[in-house]
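# Observations on the three-dimensional arrangement
Letter by letter, the chains look like this.
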Amino acid sequence: MILITFVYNEYMKRFLFIQFILICNFLYVTAQTFHFEGRIVLNNEGVIGAQFEDKDSKKIVGISDDKGFFNFNYSKPELIIKQLGMEEYLIQATDSFQKIIVNEYDLILNTIVVSENKSESKLQNSTISLDLIRPELIANTAPTSIEESVSRLSGVQVVDKQPTIRGGSGWSYGAGSRVQVLINNMPILSGDAGQALWSFIPTEGIESVEIIKGASSVLYGSSALNGVINIKTLQPKEKPITQVSLTSGFYDLAKRPSLRYNGS
């Protein structure tokens, strides 16, 4: 009986020792972390709000600050950097500072739009008739008002400063505009007559113009029975820029002498 008790005690000691070693190894593995530190740069500017995603769980474990810097620890050595309008990037943990230069999507199908469902999505995934006016078109035509650029699209007309889409009803007295005009998803129709205030929109500060050709009253109210025109303005950047627009031309004498105001 004494021998059996001795053997049993020795067995329990070994079992507890092995269990202790396994627990220590488990705690070491779970406590091991990897360091991520650096800056994300796109076109020589820091990327704001870039997300660090776990490849397996798809969980967001980190985010870059307003200058593009990041500094955090995580239990896995590899993460995926994601941001709308930016190509995905696979980052590996290191002990040194990393400067990550990423590329942007410059294809029209990868353009980010917000008018369809009031949230950011890619134009290629849009399920409605949605046109996009790029800032290059606005700059090349040098309009004095954004209504001139809007009226260049097929199916869109601006009559007496009021837009109509695909021949639908535009503006009527007492009811206001049937086309909702927005700036960054905020309506700019006047409160008294419900008409678009084009003069309030600076043409040099526009990033893009999204036009929905069809009824969108479910999202934007009764003023969107004929469509929606959403104007997205440029976002401020780290470095200031200066833009200069120049136009040239000449004036000739009118054919009718009565219109020659200065006589020559």
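I will try to describe carefully the structure that is included in this document.

So, how was this worked out
Residues numbered from 1 in each chain as written. Predicted model: local features only at pLDDT ≥ 70, side-chain atom pairs only at ≥ 80, totals over all residues. Heavy atoms only, no water. Pairing = 2+ DSSP bridges. Helix = DSSP H or I, 4+ residues; strand = E, 2+ residues; numbered from the N terminus. Phe/Tyr/Trp six-rings, centres within 6.5 Å; stacked < 30°, edge-to-face > 60°. Buried < 20%, exposed > 50% of the residue type's maximum accessible area, 1.4 Å probe, protein only. Core = buried A, V, L, I, M, F, W, Y, C linked by side-chain atoms within 4.5 Å. Contact = heavy atoms within 4.5 Å. Axes fitted to C-alpha atoms, helices over the stretch in contact; angles between N-to-C directions. Salt bridge = Lys/Arg side-chain N within 4 Å of Asp/Glu carboxyl O.

### Quick look at the sheet that holds strand β11 (residues 130-133)
Working definition: the strands of a sheet are paired by backbone hydrogen bonds and lie parallel or antiparallel to each other. Sheet architecture is open: five strands sit in the order β11-β18-β19-β16-β17, paired in mixed fashion. Either end of the sheet is taken by a strand with one partner, and the two such strands are β11 and β17 (186-187). When strand β16 (residues 179-183) meets strand β19 (residues 227-233), the two strands line up parallel, connected through five bridges. In the sheet register, valine 179 faces β19, and the bridge partner there is glycine 227.

### Structural notes on the packing of aromatic side chains
Geometry of an aromatic ring pair is reported as the spacing of the ring centres plus the angle between the planes. This structure, assessed with the given rule, holds five aromatic pairs. Measuring from ring centre to ring centre gives 5.1 Å for phenylalanine 52 and phenylalanine 72, while their planes differ by 70 degrees; the resulting arrangement is edge-to-face. Linking phenylalanine 52 in strand β3 (residues 51-53) with phenylalanine 72 in strand β5 (residues 69-74), this pair joins segments that are 20 residues apart in sequence. Accessibility classification places phenylalanine 52 together with phenylalanine 72 in one group, the buried group.

### Considerations on the nonpolar core
If you look at the biggest cluster of nonpolar residues, it comprises 20 residues, and the most contacted ones within it are Ile146, Val150, Val209 and Ile211. If you list the elements that add at least two residues to this core, you get α3 (146-150), β16, β18 (206-212) and β19. Ignoring sequence-local partners within four residues, the contact set of isoleucine 211 consists of Ser129, Leu130, Asp131, Ile133, Val150, Leu153, Val156, Ile165, Val228 and Ile229. Among the nonpolar cores identified, the runner-up in size contains 15 residues, and Ile40, Phe70, Leu79 and Val102 belong to it.

### Re the sheet that holds strand β7 (residues 86-92)
An order of β4-β3-β6-β7 is seen for the four strands of this open sheet, with the pairing classed as antiparallel. Each of the sheet's edge strands pairs with one partner strand only, and the pair in question is β4 (60-63) and β7. Across this sheet, the average inter-strand angle for adjacent strands is 30 degrees, counted without regard to direction.

### Looking at the pattern of salt bridges
Counted by the stated rule, this structure contains seven salt bridges. Between arginine 39 and glutamate 238 there is a salt bridge, and its shortest N-O distance comes to 3.2 Å. Here arginine 39, found in strand β1 (residues 34-42), pairs with glutamate 238, found in the segment after β19; they are 199 residues apart in sequence, far enough to count as distant. Residue class for glutamate 238 comes out partly exposed when judged on its relative accessible area of 34%. Where aspartate 54 meets lysine 76, a salt bridge forms, and the shortest distance between an N and an O atom there is 3.4 Å.

### Looking at unusual backbone geometry
Within the chain, asparagine 43 stands out as a residue other than glycine whose phi angle is a positive 55 degrees. Positive phi values are uncommon outside glycine, yet lysine 58 reaches one of about 60 degrees. When you line up the elements, lysine 58 lands in the loop between β3 and β4.

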